[in-house]
Amino acid sequence: MNTNDEDSFEGDSASLASEAATTTMRRVLDALKMEYDYDAEDDIISLRVQLETFEAAMFLYGENDDMATIMIRLPVRAPESVRPAVGEFLHRLNYAGRRKFWEMDYNDGEIRLRATTDTIDAPLSDTMFQAMSRAVLEIADRSFPYLNAVITRGMKPDFAADQAIAALSADSSEEDPPE
């Protein structure tokens, strides 16, 4: 490929992804009349969303015009004594999931659920943002009771993960139309 072709290619992909992910996210949140804070300096949107099992802290941002990220910070931290069990639980959820979402900071026990999509070829669409948000919030909401059970030592990580996966599967099968 000669230099002119490379320049042309870079220009095309840059123009396709020209709209910042946070612009789309803010537009959707505004249309839904949701309250949020926007840090223009860091280009991060933060809001609180009431779910069935907890109030979620949600953070939305783009990365270098090539990724859009939705992150949910859970309102609990894993005490040091149960971090290995919580780590196993989260690992099992990630392994069973189609995408790897869960993470825990082993230094302080913070637990988050994160979804990221590439926006390098095209900007984040309203529909994609809404679908990603819905999925991440549903996963967090359905998994949270089982995470708490592991943190309080009420369930072993493998059993809790099986229960969380079953709850998530039941939710998704309820949404599927009958054949």
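Just above, that's the structure.
Let me sum up the structure you'll find in this document. What you are looking at is a predicted structure, and each value in this text was computed from that prediction instead of being measured.

Time to look at helix 3 (residues 83-96). Each α-helix winds once per 3.6 residues, and so residues spaced three or four apart point in a common direction. Compared with an ideal rise of 1.5 Å per residue, which puts 14 residues at 20 Å, helix 3 spans 20 Å between its outermost C-alpha atoms and is within 8% of the ideal. Taken together, the buried positions of helix 3 are Arg83, Val86, Gly87, Phe89, Leu90, Leu93 and Asn94. Along the long axis of helix 3, the arc covered by the buried residues comes to 160°, so they all point the same way. Opposite the buried face of helix 3, by more than 90 degrees, sit the exposed residues Pro84, His91 and Tyr95.

Moving on, we get to the pattern of salt bridges. The full count for this structure, using the stated rule, is 10 salt bridges. Glu55 is the salt-bridge partner of Arg48, the closest N and O atoms lying 2.7 Å from each other. The exposure class of Glu55 is partly exposed, given its relative accessible area of 35%. With a shortest N-O distance of 2.8 Å, Arg112 and Glu103 are connected by a salt bridge.

Let us look at the nonpolar core. As a rule of thumb, nonpolar side chains are buried together in soluble globular proteins. If you look at the biggest cluster of nonpolar residues, it comprises 46 residues, and the most contacted ones within it are Leu60, Ile72, Val86, Phe89, Trp102, Ile111 and Leu147. For this core, the element with the most residues is helix 4 (residues 126-151), which contributes 11 residues.

What follows covers the packing of aromatic side chains. For the structure on display, the rule yields 1 aromatic pair. Ring geometry for Phe54 against Phe144: centres 4.4 Å apart, planes inclined by 35°, an arrangement best described as tilted. Of this pair, Phe54 sits in the loop between strand 2 (44-50) and strand 3 (55-63) while Phe144 is found in helix 4, placing the two residues 90 residues apart along the sequence. Of the two residues, Phe54 and Phe144, neither departs from the other in class, the shared state being buried. For Arg26, the ring lying beneath its charged end belongs to Tyr38, and the centroid distance is 3.9 Å.

By secondary structure assignment, the location of Thr119 is in the loop between strand 6 (110-118) and helix 4. Note on Thr119: relative accessible area 6%, which makes it buried. Polar contacts involving the side chain of Thr119 include one to the main-chain amide nitrogen of Met67, which spans 3.1 Å.

Further remarks concern the sheet that holds strand 5 (residues 102-104). Strand-to-strand pairing in sheets goes through backbone hydrogen bonds, with the strands running parallel or antiparallel. Taking strand neighbours across the sheet as the criterion, the 6 strands line up as 1-2-3-4-6-5 in an open arrangement whose pairing is antiparallel. Whereas interior strands pair on both sides, the edge strands pair on one side only; in this sheet they are strand 1 (37-39) and strand 5. This sheet shows a mean twist of 25° between the axes of neighbouring strands, independent of strand direction. With 7 bridges connecting them, strand 3 and strand 4 (residues 67-77) associate as antiparallel partners. Its bridge partner lying in strand 4, Ala57 is registered against Arg73. On top of the sheet, helix 2 (residues 21-31) reaches strand 1, strand 2, strand 3 and strand 4; it is set at about 140° to strand 3, its chief contact. Against the sheet, helix 4 contacts strand 2, strand 3, strand 4, strand 5 and strand 6, and its axis sits at roughly 25° relative to strand 4.

Time to look at unusual backbone geometry. Glycine aside, negative phi is the norm for most residues, and most peptide bonds take the trans geometry. Positive phi, close to 55°, is recorded for Asp43, a residue that is not glycine. Relative to the assigned elements, Asp43 resides in the loop between strand 1 and strand 2. Assessed through its relative accessible area of 23%, Asp43 is described here as partly exposed. The phi dihedral of Arg153 falls on the positive side, at around 65°, and the residue is not glycine. By the secondary structure assignment, Arg153 is in the loop between helix 4 and helix 5 (157-175). Judged by its relative accessible area of 58%, Arg153 is exposed.

Thresholds, definitions, all that
Residues numbered from 1 in each chain as written. Predicted model: local features only at pLDDT ≥ 70, side-chain atom pairs only at ≥ 80, totals over all residues. Heavy atoms only, no water. Helix = DSSP H or I, 4+ residues; strand = E, 2+ residues; numbered from the N terminus. Expected span 1.5 Å × (residues − 1). Buried < 20%, exposed > 50% of the residue type's maximum accessible area, 1.4 Å probe, protein only. Arc of directions from axis to C-beta. Salt bridge = Lys/Arg side-chain N within 4 Å of Asp/Glu carboxyl O. Core = buried A, V, L, I, M, F, W, Y, C linked by side-chain atoms within 4.5 Å. Phe/Tyr/Trp six-rings, centres within 6.5 Å; stacked < 30°, edge-to-face > 60°. Lys NZ or Arg CZ within 6 Å of the ring centre and 35° of its normal. Polar contact = N/O pair within 3.5 Å; in protein donor to acceptor, adjacent residues only side chain to side chain. Pairing = 2+ DSSP bridges. Axes fitted to C-alpha atoms, helices over the stretch in contact; angles between N-to-C directions. Contact = heavy atoms within 4.5 Å.

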